[in-house]
Amino acid sequence: IGLYGRYRDLAVEQAQEDLLTEARQWADLAFSTNRVGLWEWHVEERTLTTNSTWWRMLGDSPRKERLSSEAYFELVEPSDRDHVRASLRRFLAGQD
């Protein structure tokens, strides 16, 4: 009969997670106080993650779910869509 054990102290990882959570809370406070709307584009997934201020700036209720890139373009002023799409293509191609 053999016995194999492994010990892993999670205190360091928990402390790091707590610091990250606190940093996120401070960042959220700073962004919401200064009315900064943020979005993160997940290019390969073709989705965006936004903060609640971003939605409020559009006059909408904050949402938690990711926004598809197509749904994003529906929010862009119709006369600006071609320009925004072209600018995005140039940026992703490394031309901007």
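The paragraphs below set out a description of the structure included in this document. Starting from 1, residues in each chain are numbered consecutively following that chain's sequence as written. Under the rules for a predicted model, residues below a pLDDT of 70 receive no local features and side-chain atom pairs below 80 are neither given nor counted, while totals for whole chains, interfaces and linings still include all residues. The basis for every side-chain value is the complete set of heavy atoms in the structure, and neither hydrogens nor water enter the calculation.

**Details of the pairing of strand E1 (residues 39-42)**
Stage number 1. Where E1 meets strand E2 (residues 47-50), four bridges bridge the pair, whose relative direction is antiparallel. Pairing of His 42 across the sheet is with Thr 47, part of E2.
Stage number 2. What sits between E1 and E2 in their antiparallel hairpin is a turn of four residues, with Arg 46 showing a positive phi close to 60 degrees. In this description, strands pair whenever DSSP reports at least two bridges between them. Only runs of H or I of at least four residues qualify as helices and only runs of E of at least two qualify as strands under DSSP, and these elements are numbered from the N terminus.

**A closer look at the sheet that holds strand E3 (residues 67-68)**
Stage number 1. Spatially, the three strands line up as an open sheet ordered E1-E2-E3, and their pairing is antiparallel. Looking at the sheet topology across the chains shown, the edges are occupied by E1 and E3.
Stage number 2. Summarising the sheet, E2 and E3 pair through two bridges and their orientation is antiparallel. Bridge assignment links Leu 48 to a residue of E3, and that residue is Leu 67.

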